Each structure stands twice: as structure tokens, then as C-alpha cells.
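Observations on the model geometry
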Amino acid sequence: MTNHHSLIGIFDSGVGGLSMLQHIRADLPGESLLYVADSGHAPYGNKPGDFIVRRSFAITRFLLEQGAKAVVVACNTATAAAIAQLRAHFSIPIIGIEPALKPAVATTRSGVVGILATGNTVRSDKFAALLDQHGQRARVIVQPCPGLADCVEQGDLHGPHCQLLLTRYLQPLLSEGVDTLVLGCTHYPFLIPEIQRLAGPAVTILDPSPAVARQLHRRLEAAGLLTEHCVAGTVDYFTSGPLEPTAEVMARLLGHSLKLEILPEHVHHDIPQPSIHTLDAGFAQSAVGGARPIA
Ligand code: DGL
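Only a predicted model underlies this, so the values are computations on that prediction, with no experimental measurement involved.

1. Side note on helix α6 (residues 125-134)
Among the residues making up α6, those that are buried are Phe127, Leu130, Leu131 and His134. All buried residues of α6 project into a common sector of 95 degrees when viewed along the axis, lining one side. Seen from the open side of α6, the exposed residues pointing more than 90 degrees away from its buried face are Asp125, Asp132 and Gln133.

2. Brief notes about the packing of aromatic side chains
Two descriptors summarise a pair of aromatic rings, namely the distance from one centre to the other and the angle between the planes of the rings. Applying the stated rule across the entire model yields 2 aromatic pairs. Their ring planes at 40 degrees and their centres at 5.5 Å tell us that Phe57 and Phe90 sit as a pair that is tilted. Of this pair, Phe57 sits in helix α2 (residues 49-65) while Phe90 sits in the loop between α3 (76-89) and β4 (94-95); the two residues are 33 residues apart in sequence, bridging distant segments of the chain. Classification of Phe90 by relative accessible area gives buried; the value is 11%. Ring centres of Phe62 and Phe238 lie 5.1 Å apart, and the angle between their planes is 70 degrees; this geometry places the pair in the edge-to-face category. A residue pair is termed long-range when its members are at least 10 positions apart, and Phe62 in helix α2 and Phe238 in strand β9 (residues 235-239) qualify at 176 residues. For Phe62, a relative accessible area of 1% puts it in the buried group.

3. A short note on the pairing of strand β3 (residues 68-73)
When you tally the buried positions in β3, you get 6 out of 6 residues, the bulk of the element. The pairing of strand β1 (residues 7-12) with β3 spans 5 bridges and is parallel. Across the sheet, Leu7 pairs through a bridge with Ala68, a residue of β3. As judged from the 2 bridges shared by β3 and β4, these two strands associate in the parallel manner. If you follow Val72 over to β4, its bridge partner there is Ile95.

What counts, and where the lines are drawn
The residue numbers shown here count from 1 along each chain, following its written sequence. In keeping with the model being predicted, local features are shown solely for residues with a pLDDT of at least 70 and side-chain atom pairs are shown and tallied solely at 80 or more, while totals for entire chains, interfaces and linings include all residues. The side-chain numbers reported here are obtained from all heavy atoms of the structure, hydrogens and water having been left aside. Between buried and exposed lies partly exposed: a residue is buried under 20% and exposed over 50% of the maximum accessible area for its type, with that area taken using a 1.4 Å probe on protein chains only. Counting from the N terminus, the helices are the DSSP runs of H or I reaching at least four residues and the strands are the DSSP runs of E reaching at least two. By arc we mean the arc of the directions from the helix axis to the C-beta atoms, nothing more. In this scheme Phe, Tyr and Trp rings, the latter by its six-membered ring, pair at centre separations within 6.5 Å, and the angle between planes marks the pair as stacked below 30 degrees, edge-to-face above 60, and tilted otherwise. Two strands make a pair as long as DSSP finds a minimum of two bridges between them.

These results come straight from atomic positions and should not be treated as a statement about function.
Have a look at this one:
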């Protein structure tokens, strides 16, 4: 790993951001990447906002120490909670991700769009602003999905628990005539085969990650930060989670083995784990009874 500002830092609450990393790797093969999976603190989807902000700052500082010239917040939940403060504090380009509502409302044929995301994302001001901006052009049904990111975090992509959650979250959307599903969490692209199987071939699934990778490319180019090396960049992986199980899940998701390192103590244990909020519980109940229609 290098210490001058030459790599792209990427982080997520856990392994979900690897879906983003794959697109960045394809789009910018010469760039060296450093990925942080904050699996020891996942999920972010039900944690207090100030906790997510503190984790995002601790990880961004670590990425800068390691030589990041840009940071990708490969997590919708952390983007919603922390990106404005990160951008105000750090001067390097910081790229975030949000649900692809704009293309969804532009391309839906049935006029009904579903969004799958974490509880924190759908409760955020940023998400409310996104709905205000684009939600009027179609009927948008928002479905928080407590527990779904945890399935991916544990490598459960096809098991009965994952199936149960997917059926519970998709059924209300499908019975309302949704023909376009927006994946508002970076863990969910790993579930696309199961989602497509349950939703049927007529439903379009939108993952914003390729567009975010292109946006990163444009930002680096505009800032004169693209690497001039012609050789393939390196990829380093760090986690705050248990080393072996996290490495095993990451290898399964990426389809190749990898060397995973533990985050340094000061990044890993910089703050105590907060007690978990029960905010998702109400959403979980309403999800069982039916998705919450908006607009
Ligand atoms: N992957 C994250 C996202 O895009 C969140 C998953 C979680 O930690 O709850 O929102």
C-alpha cells in the first residue's frame, strides 16, 4: 500500500459496498482501491444518525492516512446521514450513493415504482428531498427492509430466512403493480438473482452503482486526479468485523479469495457500540401489513 495521495478509499457498513467496488474496478482498472467493511458495527440501517456520522469520520480519516485522493461512501445509509458533514470537513472529492429514483420514474411503464432501502435511509431528510424532487412523476412505494442487509452480511443469499424477508418485502410492492424496483442499499445487488426470481422477468431492477462509478471517473478526471499508471491497480481490504468469517463472505461475494486486514485499534474501537435503536420495529410491522405508499 502506498502513502501518498494516490488511492480511492471506499467504505460501507459492511460487505455491501463490494457491489460498488466491482463497478469501480471495471470502470477504473488502473486505480488502486482501499475498501473498509465496517462489519463490526453493521448494520447502519437501525443505528442513531450521530453514530453513523462518527463511524464515517473515523473511517474517512483512516482512508486519508492511507493515502486516499477520493472517498466513495458506498452506503446509502451513511451517505444520507453523513455526506454533507464529510464534504464540509474534508477537501478531497467525496462521492456518495442514493436510490436511483430519477431513472425509475422516467422509465416505469406501469407508473408504479418500488424502493427497497434501510429504515434510516427512508427516514432521512436526504431521501425526503429525493422524493420531493422526483417522486411526483410516478406512484412511489417505499419499502424499508430491516434484516435484509444482515442476510448479505452473513453470506445468506439463498437461505430460508433471506427468502422469507424478500417475499415479505416484495409481495406488497408486486401486488400494487410495481414494474421497477430501485435498490436503495448497496447490500441488495447481491440479492438480484433472488429478487428477479421472486419479482418475475417483467420487473426491472435498478442499481445505481454503475452510474456512481462513472460519476467518480468524471470527478477524478475533472480534478486531474486520474492515475497515469497503465498497470492494474491494487485492492486492499480492511474490516472491523471478525476476520475469518468476514473474509469468507467477502470472497464468496467477489468470487475470489482476498487478504483481509483488521482496522487499526483507533479506527476499530474509537467509540463504544451504542445500544441499538428500535426504530426499525415499527417499520417492520408496517412492512408485514403492506408497504407505505408515498405520493
Ligand atoms: N449497505 C448499506 C446501504 O447502502 C446499509 C446496510 C446497513 O448497514 O444497514 O444503505
